[in-house]
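# Observations on the three-dimensional arrangement
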2 protein chains.
Amino acid sequence: MGRDARLVDRTVEGFLDVLASDAPTPGGGAVAAIEGATGAALIAMVGRLTVGREAFADVEERMQALIETALTAQQEMETFADRDAHAFDSVMEAFKMAKETDEQKAARSAAIQAGYLAAASVPQEVARRCVELMELAEDATAMGNPQAASDGMSAAASLYAGALCAIANVEINAAALKDEATRAAMLDETATLRSRADHLLRESQTAFQLRLSS
Amino acid sequence: MGRDARLVDRTVEGFLDVLASDAPTPGGGAVAAIEGATGAALIAMVGRLTVGREAFADVEERMQALIETALTAQQEMETFADRDAHAFDSVMEAFKMAKETDEQKAARSAAIQAGYLAAASVPQEVARRCVELMELAEDATAMGNPQAASDGMSAAASLYAGALCAIANVEINAAALKDEATRAAMLDETATLRSRADHLLRESQTAFQLRLSS
């Protein structure tokens with residue numbers, strides 16, 4: 001992947017084809033960010049199918065706020081797809097560094113560790129944002145146009161997948177970190193995020209079933 | 001959406017932008033298919049990072065089979081994204097039919113019901129396929145190159161989201177069906193699929209944690 005080409009400028013099919021290839025990036029980390037962007041887009045869709053209609057005047061303000069937050073998040077998530085791929089590429093480049101002298105070995109080892117830290121930190125941020133957005137997906141499902149409730153539920157499911165993909169990428173890269181305190185702190189946070197994501201998914205599922213039966 | 005333009009020919013950003021718009025399609029149903037295609041692509045990625053390497057010779061045959069099945073599924077899922085959008089568009093068109101005479105009313109009502117049936121049947125098929133593919137994602141996670149275990153886990157998470165998005169779309173469209181037997185049969189199947197998807201997600205999560213600790 002060239003550093004100037006954005007992943008989201010590829011066609012959907014082109015993105016999926018490079019994903020399916022044996023290139024190490026893009027992989028699950030980039031997918032996490034795209035799932036996050038997809039969830040955000042679906043929240044905006046529900047908001048836009050709700051605002052400006054008399055029947056939903058009571059939630060107009062909340063929906064306007066959802067749309068604005070979701071569209072900003074969508075754009076940020078799109079840039080995280082590239083940041084994730086670049087972070088992992090930096091690990092691969094560090095492994096190729098010279099390792100003849102002790103100095104070279106130390107520099108290489110430090111670069112590898114810095115690479116893994118970045119490769120764990122980017123999906124950590126993606127996981128945080130996906131979980132935050134899941135609260136908006138629940139509001140979109142519960143309070144938005146009921147005809148778009150399935151889109152709100154789909155937002156929650158996409159964001160949940162984004163969180164799980166991101167967490168798996170944090171965990172596999174954190175496993176390579178030699179600094180135990182950093183690693184433990186990261187894994188503590190992923191455990192909290194996963195449990196919060198599980199809870200919010202169930203909340204959206206309940207909200208969706210309520211819309212179906214009303 | 002023109003009937004000739006494929007959704008997957010849009011750029012990722014372009015797809016997300018039309019998703020976020022107030023157009024009723026594409027929505028969660030198309031997202032379900034794209035999540036399914038994403039999961040399939042990630043299974044193929046894990047397979048390709050595993051085959052042809054001496055260290056993984058014992059799973060060579062299984063991984064070759066995974067790649068082939070996953071690539072076929074990826075292409076099929078890509079076509080389902082359009083089929084879903086078209087099915088829902090046909091509901092919208094049926095609502096616009098004339099309803100002056102009794103004959104027109106009956107024809108319109110039949111067209112609406114046929115439209116909802118198609119709009120529920122397409123995501124039903126997507127949900128079935130996502131759940132089937134989740135078994136392959138588990139094998140990719142458990143048996144593939146351990147360095148790609150996070151990609152296998154991400155495949156499982158993407159397919160899980162695909163199943164949940166598809167099921168939400170089955171449920172909201174099935175709710176409009178007047179034929180109670182058809183509706184009940186559809187909802188029975190979605191309940192089974194959801195429970196199977198929950199189970200398979202947990203299995204992949206266990207497989208991933210085993211790879212991390214080995």
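Residues numbered from 1 in each chain as written. Chains lettered and ligands numbered in written order. Predicted model: local features only at pLDDT ≥ 70, side-chain atom pairs only at ≥ 80, totals over all residues. Heavy atoms only, no water.

Right, let's talk about the overall build of chain A for a bit. Counting secondary structure elements, chain A contains six helices and zero strands. In sequence order, chain A lays out its α and β elements as α-α-α-α-α-α. If you line up chain A on its principal axes, its C-alpha atoms span 75 × 35 × 25 Å. Within the span of chain A, comprising 214 residues, buried residues form 55% of the whole. (Helix = DSSP H or I, 4+ residues; strand = E, 2+ residues; numbered from the N terminus. Buried < 20%, exposed > 50% of the residue type's maximum accessible area, 1.4 Å probe, protein only.)

Once chain A has been moved 0.0 Å along the axis and rotated by 180°, it coincides with chain B to within an RMSD of 0.0 Å. Seen this way, the second copy is the image of the first under a two-fold rotation axis. For chain A, the residue whose C-alpha comes nearest the rotation axis is Thr11 of chain A, separated from it by 1.8 Å. Of the interface residues in chain A, 100% have counterparts in chain B that sit at the interface too, so the contact is made through matching surfaces. (Least-squares fit on C-alpha atoms with pLDDT ≥ 70 in both. Contact = heavy atoms within 4.5 Å.)

Turning to the environment of Leu7 of chain A, a few remarks are in order. Structurally, Leu7 of chain A is set in the segment before helix 1 (12-20). Note: C-alpha distance between Leu7 of chain A and Val51 of chain A (44 residues apart in sequence) is 32 Å.

Mapped onto the elements of the fold, Thr38 of chain A is located in helix 2 (residues 28-48). The exposure class assigned to Thr38 of chain A is buried, which follows from its relative accessible area of 7%. Residue contacts for Thr38 of chain A: discarding those within four places in its chain leaves Ser158 of chain A together with Leu16, Leu19 and Val31 of chain B.

Moving on: the interface of chain A and chain B. Many analyses report the size of an interface as the accessible area lost when the parts associate. Opposite the 57 residues of chain A that make contact, chain B presents 57 residues. Of the roughly 4200 Å² buried between chain A and chain B on both sides combined, carbon and sulfur atoms contribute 63%. The tally of links from chain A across to chain B stands at two salt bridges. Residue Glu13 of chain B is joined to Arg6 of chain A by a salt bridge in which the shortest nitrogen-to-oxygen separation is 2.8 Å. Linking chain A to chain B there are 18 residue pairs in polar contact (both at pLDDT 80 or more). (Buried area = accessible area lost by both parts, 1.4 Å probe. Salt bridge = Lys/Arg side-chain N within 4 Å of Asp/Glu carboxyl O. Polar contact = N/O pair within 3.5 Å; in protein donor to acceptor, adjacent residues only side chain to side chain.)

What follows deals with the confidence of the model for chain A. In this model, chain A carries a mean pLDDT of 96, and residues with pLDDT of at least 70 account for 98%. Both scores are available for the predicted complex, with the pTM at 0.97 and the ipTM at 0.96. (pLDDT = per-residue confidence, 0-100.)

Turning our attention to the pattern of salt bridges. Residue and element names in this part refer to chain A. Following the criterion strictly, the structure yields 18 salt bridges over all chains and no others. Salt-bridge contacts for Glu125 lead to Arg128; the nearest nitrogen and oxygen are separated by 2.6 Å. Note that Glu125 and Arg128 are positioned in helix 4 (residues 102-143) at a spacing of three residues, about one turn of the helix. On the basis of relative accessibility, which here comes to 30%, the residue Arg128 falls in the partly exposed class. Through salt bridges with shared partners, one network takes in Glu76, Glu125, Arg128, Arg129 and Glu189.

Attention now moves to helix 6 (residues 180-213) of chain A. What sets the pattern is the α-helix's 3.6 residues per turn: residues three or four places apart point alike. Relative to the 50 Å expected for 34 residues at 1.5 Å per residue, helix 6 of chain A spans 50 Å between its end C-alpha atoms, a close match to the ideal helical length. Inspection of helix 6 of chain A places Met186, Thr190, Leu193, Ala197, Leu200, Leu201, Ser204, Gln205, Ala207, Phe208 and Arg211 of chain A among the buried residues, and these make up the whole buried set. Packing partners of the buried residues in helix 6 of chain A comprise helix 4 and helix 5 (149-174) of chain A together with helix 5 (149-174) and helix 6 (180-213) of chain B. The distance from a side-chain oxygen at the start of helix 6 of chain A to the backbone nitrogen of Ala181 of chain A is 3.1 Å, and the residue carrying that oxygen is Asp179 of chain A. (Expected span 1.5 Å × (residues − 1).)

Residue and element names in this part refer to chain B. Relative to the helices and strands, Ala127 resides in helix 4 (residues 102-143). According to the relative accessible area criterion, Ala127 is buried, its value standing at 0%. In this structure, the C-alpha to C-alpha distance between Ala127 and Ala111, residues 16 residues apart in sequence, is 24 Å. Beyond its immediate stretch of four places on either side in the chain, Ala127 contacts Ala163, Ala166, Ile167 and Leu193.

Counting residues in each nonpolar core, the largest one holds 148 residues, and the members touching the most others are Ile43 of chain A together with Ile43 of chain B. When sequence neighbours within four positions are dropped, the list of residues in contact with Ile43 of chain B reads Leu66, Ala70, Leu133, Leu136, Ala137, Ala155 and Leu159 of chain B. (Core = buried A, V, L, I, M, F, W, Y, C linked by side-chain atoms within 4.5 Å.)

Take the packing of helix 2 of chain A against helix 4 of chain A next. All names here are of chain A. At a minimum axis separation of 10 Å, helix 2 and helix 4 run at an interaxial angle of 20°. With respect to helix 4, the element helix 2 is oriented roughly parallel. Between helix 2 and helix 4 lies a crossing whose hand is left-handed. Residue-level inspection shows Ala32, Ala33, Gly36, Ala40, Ile43 and Val46 of helix 2 in contact with helix 4, the latter providing Val126, Cys130, Leu133, Leu136, Ala137 and Ala140. (Axes fitted to C-alpha atoms, helices over the stretch in contact; angles between N-to-C directions. Parallel < 35°, antiparallel > 145°, perpendicular 65-115°, else oblique. Left-handed = near helix turned anticlockwise from the far one by under 90°.)

A separate point is the environment of Thr72 of chain B. Residue and element names in this part refer to chain B. With respect to the helices, strands and loops of the structure, Thr72 is situated in helix 3 (residues 60-95). It is 10.0 Å that separates the C-alpha atoms of Thr72 and Ala44, two residues lying 28 residues apart in sequence. A polar side-chain atom of Thr72 sits 3.1 Å from the main-chain carbonyl oxygen of Glu68.

Here we take up the side chain of Gln74 of chain A. Looking at the secondary structure, you find Gln74 of chain A in helix 3 (residues 60-95). In terms of polar contacts, Gln74 of chain A uses its side chain to reach the side chain of Asp17 of chain B, at 3.1 Å. Ignoring sequence-local partners within four residues, the contact set of Gln74 of chain A consists of Ala37, Ala40 and Ala41 of chain A together with Leu16, Asp17 and Ala20 of chain B.

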